[in-house]
Amino acid sequence: REYILKGKAETCPHPKVILNRDIVDSMEEGHKKIAKTWGAVGVDASIHSTNHVFNGRITSQLVNDLANDKINLFIFPEGRMCAFKDLNPDWKFQGGISDIIKAVAKKKDRVKVVPLGFAYNKKIGSIHIGEPLYFKKENDNILFTEGNVNKDLSSKEYYNYIKTTPFNEDGY
C-alpha cells in the first residue's frame, strides 16, 4: 500500500514463495495460476533432494532479484522435514537457505531475514513475526545478529542448535 501511495508500485519488491514443486504441480490449473500470481516458485525440496541443477537455475534468478530489491523471498526452511517433530533441528533445516543468504550477501551490504512461525488447525491460525536477523559478509565470514533467538523466545532445541553452530556469541 505504501508503494502505491508514493507512486512507486511498479518498482516495489514482489513476493516470491519457495514451495516444493510437487505442491505446485499437483494443483489444478486454476489454483496453480493463482499460486503463480502470488509468487509461488517450485523447487525440489524433497527430503533427499538431488536435483541441484534444477534448483540452481531457479534460485540463481531469485538471488539476483533479491539482491537487486526486486523481490521479497518467503521460504519454509524445514521444507518437508517439519513432519519429523522429534528430529534434532540441525537435521531439519535444509542447506539451500544458507546458500541463498551467502549468495545474496556477496551482492548486497546486508541480508535481512524475518523469521515467521505458523500455527494452525482446522478452524484458526496465527503467525508469529520474529525480530529481523541481519547477515553481512565480512572477508570470508558471514556475520549475523541473533534477532530473537534466545532462551525465552525460542525452543530449547532451536536455541541450542544456534549456539552450537560454528558461530560464537558475537555472531561470528
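Residues numbered from 1 in each chain as written. Predicted model: local features only at pLDDT ≥ 70, side-chain atom pairs only at ≥ 80, totals over all residues. Heavy atoms only, no water.

Draft legend 1. Representation of the sheet that holds strand 3 (residues 71-74) within the structure. The strand order 2-1-3 describes an open sheet built from three strands, whose pairing is parallel. In this open sheet, the two strands that pair with only one neighbour each are strand 2 (40-43) and strand 3. Taking the axes of each pair of neighbouring strands and ignoring which way they run, one obtains an average angle of 30° across the sheet. In this structure, strand 1 (residues 14-20) lies alongside strand 2, joined through four bridges in parallel fashion. By the bridge assignment, Ile-18 is partnered in strand 2 with Val-41. (Pairing = 2+ DSSP bridges. Helix = DSSP H or I, 4+ residues; strand = E, 2+ residues; numbered from the N terminus. Axes fitted to C-alpha atoms, helices over the stretch in contact; angles between N-to-C directions.)

Draft legend 2. Broad picture of the nonpolar core. Formed by 21 residues in total, the largest nonpolar core has its most connected members in Ile-18, Ile-58, Leu-62, Leu-73, Ile-100, Val-104 and Phe-135. Looking at this core, the elements that each hand over two or more residues are strand 2, helix 4 (52-67), strand 3, helix 6 (95-105), strand 7 (133-138) and strand 8 (141-144). With near-sequence residues (within four places) excluded, Phe-135 lies in contact with Ile-101, Asp-109, Arg-110, Val-111, Val-113, Ile-142, Leu-143 and Phe-144. One finds Val-17, Leu-19, Val-24 and Ala-35 within the second-largest nonpolar core, a separate group that totals five residues. (Core = buried A, V, L, I, M, F, W, Y, C linked by side-chain atoms within 4.5 Å. Buried < 20%, exposed > 50% of the residue type's maximum accessible area, 1.4 Å probe, protein only. Contact = heavy atoms within 4.5 Å.)

Draft legend 3. Unusual backbone geometry, seen in detail. Even without being a glycine, Asp-69 presents a positive backbone phi close to 55°. Within the secondary structure, Asp-69 sits in the loop between helix 4 and strand 3. Positive phi values are uncommon outside glycine, yet Asn-139 reaches one of about 60°. When you line up the elements, Asn-139 lands in the loop between strand 7 and strand 8.

Draft legend 4. Spatial organisation of helix 4. Its 16 residues give helix 4 an end-to-end C-alpha distance of 21 Å, which sits within 8% of 22 Å, the value for a rise of 1.5 Å per residue. Among the residues of helix 4, those classed as buried are Phe-54, Asn-55, Ile-58, Leu-62, Val-63, Asp-65, Leu-66 and Ala-67. Asp-69 sits one or two residues past helix 4 and shows a positive phi near 55°. (Expected span 1.5 Å × (residues − 1).)

Draft legend 5. Examining the confidence of the model for the protein more closely. The predicted model of the protein has a mean per-residue pLDDT of 77, with 73% of residues at 70 or higher. Within the protein, the element-level pLDDT minimum falls on helix 7 (residues 156-163), averaging 60, and the maximum on helix 3 (residues 29-37), averaging 90. (pLDDT = per-residue confidence, 0-100.)

Draft legend 6. Quick peek at the sheet that holds strand 8. Reading across from one edge, 4-7-8 is the order of the three strands in this open sheet, with antiparallel pairing throughout. One side of each edge strand has no neighbouring strand; the edge strands of this open sheet are strand 4 (111-113) and strand 8. Within the sheet, the average angular offset between the axes of one strand and its neighbour, ignoring direction, is 25°. In the sheet, strand 4 pairs with strand 7 via three bridges, with the strands oriented antiparallel. Each bridged residue has a counterpart across the sheet, and for Val-111 the counterpart in strand 7 is Phe-135.

Draft legend 7. View of the pattern of salt bridges. Within the structure shown, the criterion is met by two salt bridges. The partner of Lys-32 in a salt bridge is Glu-29, with the nearest N and O atoms 3.5 Å apart. Of this pair, Lys-32 and Glu-29 both sit in helix 3, separated by three residues, roughly a single helical turn. Residue classification places Lys-32 among the buried positions, given a relative accessible area of 16%. (Salt bridge = Lys/Arg side-chain N within 4 Å of Asp/Glu carboxyl O.)

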